[in-house]
Number of protein chains: 2
Amino acid sequence: MLKVNKLTDYAVVVLCDLLRGDRLRSAADLAQSSGVPLPTVSKILKQLARTGLLQSARGVNGGYGFGRPPAGISMAEVIEALEGPIAVTGCVEDSGEMCEFVHQCPMNGHWNAVNVAIRRSLDEVRLVDMLPEARFMDPEDLNRVIAERHAAAMQA
Amino acid sequence: MLKVNKLTDYAVVVLCDLLRGDRLRSAADLAQSSGVPLPTVSKILKQLARTGLLQSARGVNGGYGFGRPPAGISMAEVIEALEGPIAVTGCVEDSGEMCEFVHQCPMNGHWNAVNVAIRRSLDEVRLVDMLPEARFMDPEDLNRVIAERHAAAMQA
DNA sequence: CACAAACAGGACTAAAACAGTACCGTATCT
DNA sequence: AGATACGGTACTGTTTTAGTCCTGTTTGTG
Ligand code: FES
Ligand code: FES
């Protein structure tokens, strides 16, 4: 059903939580406030940090914060960070794998059209659009608030 | 990685093959000419017929043909026929399941935005766009040829 | 300097989904 | 009657996913 990983699903919940604060948050903290089990949250955050979407600080008072201005993060990036490149089938450019029917396949990689379409639509949905506030707030105000929090977190 | 079932992948190969002929084709025939194993082809066709995308005729000289003008079939329909409603996560309208975090979830079903975006983009890619001919032929010519073949198959 | 808080990386297991196959039944044509 | 072809469904091995745990490293604090 064209499903996304459960991890990715949780990730959005956690990221939205992180979007709300203005400082580094520890994995335990985020687990607590999001309701997602700690080991899982931990796994997600580690992965997101690895890709640069988040940045991390170790030691006492450490935790996670956004690696760059969160208003600019798209859902495509979140999904790709956790699941690797978006590829609806094996026979799509960039997927790494190669379809077993290539030799006789009557439509060399035409799934690409589908893939590109999906990719583009995911680029257009931003992470901040997932916040419930997004429904009521003026988009510009939302962006400004988020940007301010990010700045605060950075200097801390 | 937002993958589509292998069955769905094969289905497109088979459907493209079917798009080429102007008569009913048996499962065995299609398996032969597409290179996909017969039992698999059979499974796919059965399912597609159940949803009405294809129509079937039993008995000698029976087989499968399109249930309606193929030029109007979108990839969204093909995917939904084989995998059920498109739902990237559990917490999306129509998915049937219900997310376990609904109670405390900070963003009730905002995945819907993503889902709708994907759905729309899949609606815009047509099955006939998957044919290699689609790259070289004038789209209108392609549609006409396909429509003629369909008509021929219908009257037969 | 010792200790505690936090992240980093990876290994492991149980459960679920998928892929592929097979079997038996029903309809249709000759 | 018999051959062809679809219809439904059940079964099984394999692969993926989800979730957990453990061990190591970094960093602030008393
Ligand atoms: S089905 Fe993979 S290359 Fe065509
Ligand atoms: S994560 Fe499912 S309702 Fe929010």
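Throughout, a residue's number is its position along its own chain's written sequence, starting from 1. Numbering of ligands from 1 and lettering of chains from A proceed in the order in which they are written. With pLDDT at 70 or above as the cut-off, local features in this predicted model cover only qualifying residues; side-chain atom pairs require 80 or more to be listed or tallied, and sums for whole chains, interfaces and linings still use all residues. Side-chain metrics in this entry use all non-hydrogen atoms of the structure; hydrogen atoms and water are not considered.

(A) Quick look at the relation of the copies chain B and chain A. Residues reaching a pLDDT of at least 70 in both copies supply the C-alpha atoms on which the copies are superposed by least squares. In the superposition of chain B on chain A (RMSD 0.0 Å, axial shift 0.0 Å), the rotation amounts to 180°. Overall, the copies show the geometry of a two-fold rotation axis. Here, residues are in contact when the closest pair of their heavy atoms is within 4.5 Å. With an isologous cut-off of 70% or more, the 100% of interface residues of chain B that recur at the interface of chain A puts this contact in the isologous class.

(B) Local environment of the protein's contact with DNA strand C. With respect to spatial proximity, 22 residues lie near DNA strand C, and among them Ser56 and Tyr64 of chain A together with Lys6, Lys43 and Arg58 of chain B are the closest. At 2.9 Å from a base nitrogen of DNA strand C is found a side-chain nitrogen or oxygen belonging to Lys46 of chain A. Arg50 of chain A is positioned such that a nitrogen or oxygen atom in its side chain is 3.4 Å from a phosphate oxygen of DNA strand C. Elements supplying a minimum of two residues to the surface near DNA strand C: α3 (38–50), β1 (54–57) and β2 (63–66) of chain A together with α1 (6–20) of chain B. Grouping the constituent residues of the surface near DNA strand C by class yields 7 nonpolar, 8 polar and 7 charged. In this text, near means that some heavy atom of the residue lies within 4 Å of the molecule or strand in question. In protein, a polar contact means a hydrogen-donor-capable atom and an acceptor-capable atom, both N or O and within 3.5 Å, with residues adjacent in sequence counting only if both atoms are side-chain atoms; elsewhere, any N or O pair within 3.5 Å suffices. Secondary structure counts use DSSP, requiring at least four H or I residues in a row for a helix and at least two E residues in a row for a strand, with both numbered from the N terminus. Under the scheme applied here, ten amino acids are nonpolar (Ala, Val, Leu, Ile, Met, Phe, Trp, Tyr, Cys and Pro), four are charged (Asp, Glu, Lys and Arg), and all others, including Gly, are polar.

(C) Focus on the environment of Val36 of chain B. Structurally, Val36 of chain B can be placed in the loop between α2 (27–34) and α3 (38–50). C-alpha of Val36 of chain B to C-alpha of His110 of chain B: the two residues are 74 residues apart in sequence and 39 Å apart in space.

(D) Looking closely at the protein's contact with DNA strand D. In the region of DNA strand D, 22 residues are neighbours, and Lys6, Lys43 and Arg58 of chain A together with Ser56 and Tyr64 of chain B sit closest. Each atom of DNA strand D within 4 Å of the protein belongs either to a base or to sugar and phosphate, the latter forming 63%. Within the side chain of Lys46 of chain B, an N or O atom sits 3.0 Å from a base oxygen of DNA strand D. Those elements giving two or more residues to the surface near DNA strand D turn out to be α1 (6–20) and α3 of chain A together with α3, β1 (54–57) and β2 (63–66) of chain B.

(E) Representation of the domain arrangement of chain A in the model. All names here are of chain A. An automatic or database domain assignment is the source of the domain bounds shown. You can read the domains of chain A as domain 1 (1–71 + 130–156) and domain 2 (74–125). For the pair domain 1 and domain 2, the two sides together bury roughly 930 Å², of which 75% comes from carbon and sulfur. Among the residues domain 1 hides against domain 2, the three largest losses belong to Thr8, Leu53 and Met130. Together they make up 33% of the total. Salt-bridge detection follows one rule: a side-chain nitrogen of Lys or Arg within 4 Å of a carboxyl oxygen of Asp or Glu. For the pair domain 1 and domain 2, the interface holds 1 salt bridge. What counts as buried area is the accessible surface, traced by a 1.4 Å probe, that two parts surrender upon association, with contributions from both included.

(F) Structural context of the environment of Glu83 of chain A. Locating Glu83 of chain A in the fold gives a position in helix α4 (residues 75–83). Distance from Glu83 of chain A to Ala11 of chain A, taken between C-alpha atoms, is 11 Å for residues 72 residues apart in sequence. Those residues in contact with Glu83 of chain A that lie beyond four places of it in its chain are Val4, Asn5 and Thr8 of chain A together with Met1 and Leu2 of chain B. Separated by 2.5 Å, the side chains of Glu83 of chain A and Thr8 of chain A make a polar contact.

(G) Looking closely at the environment of Leu7 of chain A. Residues and elements named next belong to chain A. Along the chain, Leu7 falls in helix α1. In this structure Leu7 comes out as partly exposed when scored by relative accessible area, which is 27%. If we skip the residues at most four places from it in the chain, Leu7 touches Thr40, Lys43, Ile44 and Leu82. Any residue under 20% of the maximum accessible area for its type is buried, any over 50% is exposed, and the rest in between are partly exposed; the area is computed with a 1.4 Å probe on protein chains only.

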